[in-house]
Amino acid sequence: MSVPGPVSVSVNGARSAADGTAVPLSPQDVVESALGAVAAGAGEVLVHPRTPCGRESLSPRVVGPLLEALRGAGVSVPLSVPAGIGAEPDPAGRLERVRSWTVLPDRAVVPFAEPGAEELAEALLARGVAVDAVVPLGGPATGRGRGPLTRVLARPVRDPERLRLVVELATADPALVAGLRWLPPVPLLLFGREAAAWPVLRLAARCGAGVRTGVGDVLHLPDGRSARSNAELVAAARETAAAHAPATAWSR
């Protein structure tokens, strides 16, 4: 049985040195960890660019060199960066940063619970950067009708993969996924954090949705052991997803 789709790996997330040795901190460590994850089967890499003092940033002087280092080292899968309040608190500042990028990621993660998300998503798409629209279930961004999320997901694009719905679940409840059926039919990725990470990954695999793992989301393996690396998490995610892949296609 095959994995239903590429495994996305969150290489570092919002982690710090306090979270253990599996978390890559320096740019070189991030590059090496990403290479290991791809070698283990990751099909996408999500990385949080940081300044030398450890602060997340959308500055082109921070984002560009990290993307170049990853690609220069041979990370050939799509690269994604978060474009949210954690990297730039001001909505206008986020737009300015994105428009000033000189090296572009393949994808950017846009949290639709934050102000200015629709404008940010449109600016990214205009620059040729695919958008992962992250939504909190039941929040205003997911309200039925012509809300900002619906407008962006309904945007006509030549390549459907340029828009994806990303949903974080606190629990692996199939009813929550079923509640997304009214949204435009775009690719879907489900993920959870910490205790929810592996149950949600199994649910995502059963639904045929994209799956995500990595030390940015979870620090332990399905059997409870501490993960030693992103590569170990990716290998476990591929095995788990393959074991729970649906016999037939699932659609929203």
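Calculation criteria
Residues numbered from 1 in each chain as written. Predicted model: local features only at pLDDT ≥ 70, side-chain atom pairs only at ≥ 80, totals over all residues. Heavy atoms only, no water. Helix = DSSP H or I, 4+ residues; strand = E, 2+ residues; numbered from the N terminus. Buried < 20%, exposed > 50% of the residue type's maximum accessible area, 1.4 Å probe, protein only. Contact = heavy atoms within 4.5 Å. Core = buried A, V, L, I, M, F, W, Y, C linked by side-chain atoms within 4.5 Å. Pairing = 2+ DSSP bridges. Axes fitted to C-alpha atoms, helices over the stretch in contact; angles between N-to-C directions. Salt bridge = Lys/Arg side-chain N within 4 Å of Asp/Glu carboxyl O. Expected span 1.5 Å × (residues − 1). pLDDT = per-residue confidence, 0-100.

1. Examining the overall build of the chain
Looking only at helices and strands, one finds eight helices and eight strands in the chain. Split into buried and exposed, the 252 residues of the chain put 52% on the buried side. Sequence-distant contacts, at least 24 apart, represent 66% of the contacts inside the chain between residues at least 6 apart.

2. Here's the deal with the nonpolar core
In summary, soluble globular proteins display a tendency toward joint burial of nonpolar side chains. Within the largest apolar cluster, 73 residues are counted, with the highest numbers of intra-cluster contacts made by Phe112, Leu124, Leu165 and Leu190. Not counting chain neighbours up to four residues away, the residues in contact with Leu124 comprise Val98, Trp101, Ala108, Val110, Val129 and Val131. Grouped together as the second largest cluster of nonpolar side chains are six residues, Leu46, Val134, Val166 and Leu189 included.

3. Points about the side chain of Asp217
As for its placement among the helices and strands, Asp217 is situated in the loop between strand S8 (210-213) and helix H8 (230-244). In this structure, Asp217 is in contact with Ser10, Arg15, Phe191, Gly192, Arg193, Glu194 and Arg212, ignoring residues within four places of it in sequence.

4. Some points on the sheet that holds strand S5 (residues 130-135)
Backbone-to-backbone hydrogen bonds join strands into a sheet, with any given pair of strands oriented parallel or antiparallel. Read once around its circumference, the closed barrel built from eight strands follows the order S1-S2-S3-S4-S5-S6-S7-S8, with strand pairing classed as parallel. Within this sheet the neighbouring strands show an average axis-to-axis angle of 30°, counted without direction. Strand direction decides the pairing type here: S5 and strand S6 (residues 163-168), joined by five bridges, are parallel. When the sheet's bridge partners are listed, Ala133 is paired in S6 with Leu165.

5. Examining the pattern of salt bridges
Here the structure, examined in full by the defined rule, presents eleven salt bridges. Notably, a salt bridge pairs Glu44 with Arg164, separated by 2.8 Å at the nearest N-O pair. Highlighted residues: Glu44 in strand S2 (residues 42-46) and Arg164 in strand S6, separated in sequence by 120 residues. Arg164 matches Glu44 in its accessibility class, with the two residues each being buried. When the shortest N-O distance is used, the salt bridge between Asp217 and Arg193 registers 3.3 Å. You can see Asp217 sitting in the loop between S8 and H8 and its partner Arg193 sitting in the loop between strand S7 (188-191) and helix H7 (197-207), a full 24 residues away along the chain.

6. Some words on helix H1 (residues 27-39)
When the terminal C-alpha atoms of H1 are compared, their 18 Å separation across 13 residues agrees well with the 18 Å that a helix rising 1.5 Å per residue should span. Buried residues along H1 sit in contact with strand S1 (7-10), S2, helix H2 (60-72) and H8. Just beyond H1, the residue with positive phi is Gly41, at close to 120°.

7. Some remarks on the environment of Asp90
Along the chain, the position of Asp90 falls in the loop between strand S3 (79-82) and helix H3 (91-100). Between the C-alpha atoms of Asp90 and Pro115, which are 25 residues apart in sequence, the distance is 8.8 Å.

8. So, unusual backbone geometry
One non-glycine residue, Glu194, lies in positive phi territory at about 50°. Judged by relative accessible area, Glu194 falls into the partly exposed class, the value being 35%.

9. Observations regarding the confidence of the model for the chain
Averaged over all residues, the pLDDT of the chain is 89; the fraction at 70 or higher stands at 89%. Across residues 138-146 the pLDDT falls below 50, and counting only partners more than four positions away or on other chains, this stretch makes 14 contacts in the model.

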